[in-house]
Amino acid sequence: MTTEERTARREKLNAIRKNGALLNEIYRTHRRENKTPAETVQAMISEIGKHDTEAILSSLVRDLYWDDRLSSTAKTWALYIDHNIPQIYNYMDASVIHPAHLCQLAEAMANA
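Values in this document were obtained by computation on a predicted structure and should not be read as measured data.

Considerations on the overall build of the protein chain
Next, step 1: When its secondary structure is counted, the protein chain shows five helices and zero strands.
Next, step 2: For the protein chain, the sequential pattern of α-helices and β-strands runs α-α-α-α-α.
Next, step 3: What you see for the protein chain is a C-alpha radius of gyration of 14 Å, in line with the 13 Å of a compact globule of 112 residues.
Next, step 4: Its C-alpha atoms give the protein chain principal-axis dimensions of about 45 × 30 × 25 Å.
Next, step 5: Looking at the protein chain as a whole, 41% of its 112 residues are labelled buried.
Next, step 6: Within the protein chain, contacts between residues at least 6 apart in sequence are counted, and of these 71% link residues at least 24 apart.

With respect to the confidence of the model for the protein chain
Next, step 1: Chain-level pLDDT for the protein chain is 91 on average; 99% of the residues reach the 70-or-more range.
Next, step 2: At the level of individual helices and strands, the protein chain shows its lowest average pLDDT in helix α1 (residues 3–32), which scores 91, and its highest in helix α2 (residues 37–48), which scores 96.

Some words on the nonpolar core
Next, step 1: Ranked by size, the top nonpolar core spans 33 residues in total, and within it Ile-56, Leu-57, Leu-60 and Leu-102 carry the most contacts.
Next, step 2: Elements with a contribution of two residues or more to this core: α1, α2, α3 (50–63), α4 (72–79) and α5 (99–110).
Next, step 3: With sequence-adjacent residues up to four places away left out, Leu-60 is seen in contact with Ile-88, Tyr-89, Met-92, Ala-94 and Leu-102.

Describing the packing of α1 against α3
Next, step 1: Between α1 and α3, whose axes approach to 11 Å, the crossing angle comes to 85°. In terms of axis orientation, α1 runs roughly perpendicular to α3. Within the contact between the two elements, α1 uses Ile-16, Asn-19, Gly-20 and Leu-23 and α3 uses Asp-52, Thr-53 and Ile-56.
Next, step 2: In terms of residue class, the contact of α1 with α3 is built from three nonpolar, three polar and one charged.

Describing α1
Next, step 1: Between the first and last C-alpha of α1 there are 44 Å, a value that for 30 residues agrees with the 44 Å anticipated at 1.5 Å per step.
Next, step 2: For α1, the elements touching its buried residues are α2, α3 and α5.
Next, step 3: Just past α1, the residue Asn-34 takes up positive phi, approximately 55°.

With respect to the packing of α4 against α5
Two numbers describe a pair of packed helices, the interaxial angle and the distance between the axes.
Next, step 1: Interhelical geometry of α4 versus α5 gives an angle of 60° and a closest axis separation of 9 Å. One way to sum up the angle between α4 and α5 is to call them oblique. Handedness of the α4/α5 crossing: left-handed. Two secondary-structure elements touch here, α4 through Thr-73, Ala-74 and Trp-77 and α5 through Cys-103, Ala-106, Glu-107, Met-109 and Ala-110.
Next, step 2: Considering only residue class, the contact of α4 with α5 consists of six nonpolar, one polar and one charged.

Quick notes on the rules
Residues numbered from 1 in each chain as written. Predicted model: local features only at pLDDT ≥ 70, side-chain atom pairs only at ≥ 80, totals over all residues. Heavy atoms only, no water. Helix = DSSP H or I, 4+ residues; strand = E, 2+ residues; numbered from the N terminus. Rg over C-alpha atoms; globule rule 2.2 N^0.38 Å. Buried < 20%, exposed > 50% of the residue type's maximum accessible area, 1.4 Å probe, protein only. Contact = heavy atoms within 4.5 Å. pLDDT = per-residue confidence, 0-100. Core = buried A, V, L, I, M, F, W, Y, C linked by side-chain atoms within 4.5 Å. Axes fitted to C-alpha atoms, helices over the stretch in contact; angles between N-to-C directions. Parallel < 35°, antiparallel > 145°, perpendicular 65-115°, else oblique. Nonpolar A, V, L, I, M, F, W, Y, C, P; charged D, E, K, R; others polar. Expected span 1.5 Å × (residues − 1). Left-handed = near helix turned anticlockwise from the far one by under 90°.

See below:
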């Protein structure tokens, strides 16, 4: 791996960490304010963009694919997102969003 490749990889991982932290903060705020999953997803898209929101949410769903609290709709949506981040749990605190809420966010994202 060249120096440029290592630098690009490090920058990408730092962006994932930053965006993951932003998503968690938006989720926490919207949960306290009793916002709907659709409102939360729209705020996430406004903050970090649709591509990155899809990438993070779909990666979280894929990492929890075995969890029955996730609907088949959410799981199917996540499988069709091609910008997956393998092992997202290594880059953000994924325990913030409960799997049942993650399911609702993924379904809202599928309709966004």
